[in-house]
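An overview of the molecular structure
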Amino acid sequence: MLKTGKELLLDAQKNRYAVGAFNVNNMEIVQAIINAAEELNSPVVLQASQGGLGYAGVEYIASLGKLAGRNANVPVALHLDHGTDFKQIVQCIRHGFTSVMIDASKYPLEENIAYTKKVVEIAHAAGVTVEAELGKISGTEDDISVDERDATFTDPDEARYFVDETDVDYLAIAVGTAHGVYKGEPKLDYDRIKAIRQKVDAPLVLHGSSGVPAESLKKAIPLGICKINIDTDIRATFAQAVKEYLEDNPDQIDPRKILGPATEAMKRTIMDKMKIFGSNNRA
Ligand code: 13P
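Parameters and conventions
- Residues numbered from 1 in each chain as written.
- Predicted model: local features only at pLDDT ≥ 70, side-chain atom pairs only at ≥ 80, totals over all residues.
- Heavy atoms only, no water.
- Pairing = 2+ DSSP bridges.
- Helix = DSSP H or I, 4+ residues; strand = E, 2+ residues; numbered from the N terminus.
- Buried < 20%, exposed > 50% of the residue type's maximum accessible area, 1.4 Å probe, protein only.
- Arc of directions from axis to C-beta.
- Contact = heavy atoms within 4.5 Å.
- Polar contact = N/O pair within 3.5 Å; in protein donor to acceptor, adjacent residues only side chain to side chain.
- Axes fitted to C-alpha atoms, helices over the stretch in contact; angles between N-to-C directions.
- Near = heavy atom within 4 Å.
- Areas by Shrake-Rupley, 256 points an atom, 1.4 Å probe, with all protein chains shown as cover.
- Nonpolar A, V, L, I, M, F, W, Y, C, P; charged D, E, K, R; others polar.

**Details of the sheet that holds strand β6 (residues 138-141)**
Spatially, the 3 strands line up as an open sheet ordered β7-β6-β9, and their pairing is mixed. With one partner strand each, in any of the chains shown, β7 (144-146) and β9 (178-179) form the two edges of the open sheet. Pairing of β6 with β7, which is carried by 3 bridges, proceeds in the antiparallel orientation. Note on β7: the bridge partner recorded for Glu-141 is Ile-144.

Below is the structure:
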């Protein structure tokens, strides 16, 4: 079943679990995510970044995502991750994405609000729900990089003002996570999550969640985190599985034989995450 992101996240908010949002770039990743979700009876978000759309093409990703979502026996949202280009956001909506993110977090507050408002207006008119970002999450997610020195945590009062002004459906907040591989252990600002949740009714989104210890995520979810984004851990699993397979089978040339074990390994990584998020048996 294809659903909007909002439908998935409101159920998560009500029942105090988080939906995993996993980045997709090709068919094998889509299959790994959907198989994991079906095996655990879990709702799930398939999300494509601008880099993913550049690699595979919006039509391929939209077709794969819609097919997977419609055929799945669990709720699936097809989401644009970190959209910064208004035209591309409209293109995704036209191709059947059920959720889009406008990331105007690099701009000053009022400009972020103006960009977000514009996207909310057109997306809602098309029945698509919207994520925005307030504060700056450090690290690199495909073509977007934020230097550690420029990262800023989300201010709870600003968050309330932002959501009231924009009518955005869910909000990505900066509370100590970063995109990509961590150098040390990430420290989440739980008090800040709690304070934001006290001021904001919209479900909250945690980016940069690969490499964050399970215990930290489990602590953050009841405070208001309803969507947890994972990309790097899937990439690492994929690369490791392909390397191991080719080391053991250096003469293999059949892509199906090389990619099959990687798909299976990604599925296991994703299932582990879903269990941490508590989304299993929530479909
Ligand atoms: P990680 O690559 O750190 O898992 O972050 C993914 C993400 O937040 C996508 O928006």
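Okay, back to it.
**Here's the deal with helix α7 (residues 156-166)**
Of the positions making up α7, those classed as buried are Pro-156, Ala-159, Phe-162, Val-163 and Thr-166. Buried residues of α7 fall within an arc of 115° about the axis and therefore sit on the same side. Buried residues belonging to α7 abut α6 (109-125), β5 (129-134), β8 (170-173) and α8 (190-199). The opening residue of α7 is Asp-155, an N-cap whose side-chain oxygen sits 3.2 Å from the backbone nitrogen of Asp-157. Backbone geometry just downstream of α7 places Asp-167 in the positive-phi region, at approximately 65°.

**Overview of the sheet that holds strand β11 (residues 225-230)**
Spatially, 8 strands are ordered β1-β2-β3-β4-β5-β8-β10-β11 in a closed barrel, and the strand pairing comes out parallel. Between one strand axis and the next, the sheet turns by 25° as a mean value, whatever way the strands run. Of the pairings in the sheet, the one linking strand β1 (residues 19-23) to strand β2 (residues 44-49) comprises 3 bridges and is parallel in character. Following the sheet pairing, Asn-23 is matched in β2 by Gln-47. Across the sheet, α6 lies against β4 (99-102) and β5, angled at about 170° from β5, the strand it touches most.

**A few points about the site of the ligand**
For the ligand, the set of nearby residues contains 16 residues, the closest of which are Asp-81, Gly-208, Ser-210, Asp-231 and Thr-232. For the ligand, an oxygen atom lies 2.7 Å from a polar atom in the side chain of Asp-81. Interatomic distance of 3.3 Å between a side-chain N/O atom of His-82 and an oxygen atom of the ligand. Relative to its free-state accessible area of 310 Å², the ligand is covered by the protein chains to the extent of 100%. If you list the elements that add at least two residues to the shell around the ligand, you get β3 (76-83), β9 and β11. Of the residues assigned to the shell around the ligand, the class counts are 2 nonpolar, 11 polar and 3 charged.

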